[in-house]
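What the coordinates show
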Amino acid sequence: HSLKDFTVHMAASNKSTSALKFSQETVTIAKDKKPTAAVIWMHGLGDTAAGWTDVVRQIVNSLPFVVGILPTAPIMSITSQGGQKNTAWHDIEDFQNLLNNKFEHKEATKLLIDNLIDETIQKYSIHPSRIVLGGFS
């Protein structure tokens, strides 16, 4: 199969009840119109969904019953980077002493991802046991 066999589309998540929003539209990669499993892939600090589309495309190519879903983190100030704004799932106060971090925004991010999982279940009728949440940092 060639890469042109893939359907890639963008969809905004409007159902979030948290104060945070995905900073870009979520990328969805699917070969099958009725996938029976999903991989939701979260990128690392400063990255976007676009940085991982090729990897998720390879997963979907190998497992065509899977839909790949790639959200892009909200943009927020990162304390350990002097307040610089970046895509991030939560704040990081100190890279050297992670145990003392509060990880501000982690609960709001959890709501975003919970909503994305719920949307995936509803849209594709995929059982929760067939959804994998993964990422790289």
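Counting starts from 1 at the beginning of each chain's written sequence and moves along it residue by residue. Reporting in this predicted model follows two pLDDT cut-offs: at least 70 for local features of residues, and 80 or more for side-chain atom pairs to be given and counted; totals over whole chains, interfaces and linings ignore these cut-offs and use all residues. In computing side-chain properties, one takes all heavy atoms of the structure into account and sets aside hydrogens as well as water.

1. Re the pattern of salt bridges
The salt bridge definition used is simple: a Lys or Arg side-chain nitrogen within 4 Å of an Asp or Glu carboxyl oxygen. Under the definition given, this model contains two salt bridges. Where Asp-54 meets Arg-57, a salt bridge forms, and the shortest distance between an N and an O atom there is 3.3 Å. Residue Asp-54 and its partner Arg-57 are both found in helix H1 (residues 53-62); the two are separated by three residues, about one turn of the helix. Buried, partly exposed and exposed residues are distinguished by accessible area as a fraction of the type maximum, computed with a 1.4 Å probe on protein chains only: under 20%, between the cut-offs, and over 50%, respectively. The class of Asp-54 is exposed, set by a relative accessible area of 51%. Accessibility expressed as a relative area gives 16% for Arg-57, which makes it buried. Working definition: helices are DSSP H or I runs of at least four residues, strands are E runs of at least two. Numbering for both runs from the N terminus.

2. Here's the deal with the side chain of Thr-120
By the secondary structure assignment, Thr-120 is in helix H2 (residues 106-124). As used in this structure description, the phrase polar contact means that two N or O atoms lie within 3.5 Å; if the pair is within protein, one of them must be able to donate a hydrogen and the other to accept it, and residues adjacent in sequence are counted only when both atoms belong to side chains. Engagement of the side chain of Thr-120 in a polar contact is seen with the backbone oxygen of Leu-116, the distance being 2.8 Å.

3. Considerations on H1
Residues Thr-53, Val-56, Arg-57 and Val-60 constitute the buried set of H1. Down the axis of H1, the smallest arc covering the buried residues is 105 degrees, so these residues share one side. In H1, those exposed residues whose orientation departs by more than 90 degrees from the buried face are Asp-54, Gln-58 and Ser-62. It is the directions from the helix axis to the C-beta atoms that the arc portrays.

4. Quick notes on the nonpolar core
By nonpolar core we mean a set of buried residues, namely Ala, Val, Leu, Ile, Met, Phe, Trp, Tyr and Cys, connected to one another through side-chain atoms within 4.5 Å. Membership of the largest hydrophobic core comes to 20 residues, with the highest contact counts inside it found for Phe-22, Ala-38, Val-67, Ile-69, Trp-89 and Ile-126. Those elements giving two or more residues to this core turn out to be strand S3 (37-42), strand S4 (66-70), strand S5 (75-78) and H2. No other element matches H2, which puts five residues into this core. If we skip the residues at most four places from it in the chain, Trp-89 touches Phe-22, Met-42, His-43, Pro-71, Thr-72, Ala-73, Pro-74, Met-76, His-105, Lys-106, Thr-109 and Ile-113. Ranked by size, the runner-up nonpolar core spans 11 residues in total, among them Val-39, Trp-41, Ala-49 and Val-56. What makes two residues a contact is simply this: any of their non-hydrogen atoms within 4.5 Å.

5. Topic: the pairing of S4
Among the five residues in S4, five count as buried, and that is most of the element. On S4, burial covers both faces: Val-66, Gly-68 and Leu-70 on one face and Val-67 and Ile-69 on the other are all buried. Alignment of strand S2 (residues 26-30) against S4, held across four bridges, turns out to be antiparallel. Residue Val-27 lies in a different strand from S4, and its bridge partner there is Leu-70. For two strands to be treated as a pair, DSSP must find at least two bridges joining them. Here S3 pairs with S4 via four bridges, running parallel. By the bridge assignment, Ile-40 is partnered in S4 with Ile-69. Assignment of crossover handedness uses the view with strands pointing away from the viewer, where a clockwise path from the first strand over the helix to the second indicates a right-handed crossover. Handedness of the S3-H1-S4 crossover: right-handed.

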